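Secondary and tertiary structure notes
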Amino acid sequence: LRVARIGSTDLEREQALKPAREAIRRGLALESCGTSVGLAAAWLELLEKRTGSTFQAKPMLEKWKREPLVEEFLIVEAIADWSKALPPLEEAIRRAPSYPDAYLWRGITKAMRRDPDGAIADLERAVRIQPRFTVGWNTLGRSLREKSYSRPRDEALALRRREIDCYEKAIALRPRDSWAWGNRGTARYETGDFPGAESDLAKAIELDPLVAQHWSN
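Residues numbered from 1 in each chain as written. Predicted model: local features only at pLDDT ≥ 70, side-chain atom pairs only at ≥ 80, totals over all residues. Heavy atoms only, no water.

1. Side note on the overall build of the protein
Let me state the cut-off plainly: Runs of H or I in DSSP of at least four residues are treated as helices and runs of E of at least two as strands, each being numbered from the N terminus. Partly exposed describes any residue whose relative accessible area lies between the buried limit of under 20% and the exposed limit of over 50%, with all areas from a 1.4 Å probe on protein chains only and scaled to the type maximum. Working rule for contacts: check all heavy atoms of both residues, and any pair within 4.5 Å makes them a contact. In these tables, accessible area is a Shrake-Rupley quantity obtained with a 1.4 Å probe, and a residue counts as shielded only by the protein chains included in the view.
A count of helices and strands for the protein gives 13 helices and zero strands. The order of α-helices and β-strands along the protein, N terminus first, is α-α-α-α-α-α-α-α-α-α-α-α-α. Burial statistics for the protein: of 217 residues in total, 48% are counted as buried. Taking the contacts inside the protein whose residues are at least 6 apart along the sequence as the reference set, 50% of them involve residues at least 24 apart. About 11,800 Å² of surface is accessible on the protein, with carbon and sulfur atoms providing 53% of the total.

2. Quick notes on the pattern of salt bridges
Applied cut-off: What counts as a salt bridge is simple: a side-chain nitrogen of Lys or Arg found within 4 Å of a carboxyl oxygen of Asp or Glu.
All chains considered together, the criterion is met by 17 salt bridges. When the shortest N-O distance is used, the salt bridge between Asp122 and Arg106 registers 2.6 Å. In this pair, Asp122 sits in helix H8 (residues 116–129) while Arg106 sits in helix H7 (residues 100–112), placing the two residues 16 residues apart along the sequence. An identical accessibility class is assigned to Asp122 and Arg106; each is buried. Ionic contacts of the salt-bridge type, sharing partners, join the residues Glu168, Arg184, Arg188, Asp193 and Asp200 into one network.

3. Re the nonpolar core
The test is simple: Put simply, buried Ala, Val, Leu, Ile, Met, Phe, Trp, Tyr and Cys residues joined by side-chain atoms within 4.5 Å make one nonpolar core.
Counting residues in hydrophobic clusters, the biggest one holds 31 residues, and the most contacted among them are Ile75, Trp105 and Leu140. Contributing elements (two or more residues each) for this core: helix H5 (70–80), helix H6 (86–95), H7, H8, helix H9 (134–148), helix H10 (153–173), helix H11 (178–190) and helix H12 (194–207). Ranked by residue count, the leading element in this core is H7, at five residues.

4. Details of unusual backbone geometry
The backbone of Arg114 sits at a positive phi, close to 60°, despite the residue not being glycine. Tracing the backbone shows Arg114 in the loop between H7 and H8. The exposure class of Arg114 is exposed, given its relative accessible area of 72%.

5. Some thoughts on the side chain of Glu163
Note on placement: Glu163 falls in helix H10. You can call Glu163 buried: its relative accessible area is 0%. Setting aside anything within four residues of it in sequence, one finds Glu163 in contact with Gly141, Leu144, Arg145, Asn183 and Ala187.

6. Here's the deal with H11
We apply this condition: To estimate the expected span of a helix, subtract one from its residue number and multiply by 1.5 Å. Under this definition, polar contacts are N or O atom pairs within 3.5 Å; protein pairs additionally need one hydrogen-donor-capable and one acceptor-capable atom, and for neighbouring residues in sequence, both atoms have to be side-chain atoms.
The end-to-end C-alpha separation of H11 is 18 Å, in line with the 18 Å expected for 13 residues at 1.5 Å each. Where burial is concerned, most of H11 is hidden: ten out of the 13 residues are buried. For H11, the full list of buried residues reads Ser178, Ala180, Trp181, Gly182, Asn183, Arg184, Gly185, Thr186, Ala187 and Arg188. Along its buried surface, H11 packs onto H9, H10, H12 and helix H13 (212–216). One side-chain oxygen of the residue at the start of H11 lies 3.0 Å from the amide nitrogen of Trp179, identifying that residue as Asp177. Looking one or two residues beyond H11, the residue adopting positive phi is Gly192, at roughly 90°.

7. Quick word on the confidence of the model for the protein
Put simply, the rule is: Per residue, pLDDT measures the predictor's confidence, with a range of 0 to 100.
In the predicted model, the protein carries a mean pLDDT of 80, and 70% of its residues have values of at least 70. Predicted confidence for residues 50–56 stays below pLDDT 50, and this span has 13 contacts to residues more than four positions away or in other chains.

8. Concerning the packing of H9 against H11
The axes of two packed helices give the description: the angle between them and the distance between them. Put simply, the rule reads: Whenever a helix is involved, its axis is fitted only over the stretch in contact; in every case the axis is a line through C-alpha atoms, and angles between N-to-C directions fall within 0 to 180 degrees. Working rule for angles: under 35 degrees goes down as roughly parallel, over 145 as roughly antiparallel, 65 to 115 as roughly perpendicular, anything else as oblique. It is the rotation of the near helix from the far one that decides the hand of a crossing: anticlockwise by less than a right angle makes it left-handed, clockwise makes it right-handed.
Running from N to C, H9 and H11 cross one another at 20°; their axes reach a closest spacing of 10 Å. Between H9 and H11, the crossing angle belongs to the class labelled roughly parallel. Along this stretch, H9 crosses H11, giving a crossing that reads as left-handed. Two secondary-structure elements touch here, H9 through Asn138, Arg142 and Arg145 and H11 through Trp179, Ala180, Asn183, Thr186, Ala187 and Glu190.

In structure tokens form, the structure reads like this:
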């Protein structure tokens, strides 16, 4: 299931879903089914995009509200309904102030709500807590990019340099992360480094040719 969530390519993630579904089905059938199986089922449901009003894992969130994995259940609850995402994320952070995933998802939520400064602050906190957080570096870079579009030229260029630095950290941690290469390629293109952009985007396509965005970039 972890590969299905954060695998390097879309193909890897899709291939991982089938055995994950089977393992979760068997786990849920056991009388001793515990929080880890329930949590896996909730993530699977999100990966298969059954969210919002049809989110079947909601009873599990209530059942295990006081269990050790509650912070991650709160994140699942937030992702299941973006319109109500902040309260469960705030609760996750209150319960576990050093949990990087909670800051990641709160940062994403703030970015979606056009709060770039709030998003950047949360994402910087996430990578400070967990410096090897590849998704955190990628997401922080994209938030810096979004902020740069509304800033004066000199400030925008400084933000873009910070953005590229984020992607370089992500690539160093996971060299096969096609999104990190694609993100850096886009940033290089938009800052005038066309040879660097072409090289990065070609690498992104080489790593994951099934992602249409890499080709369009």
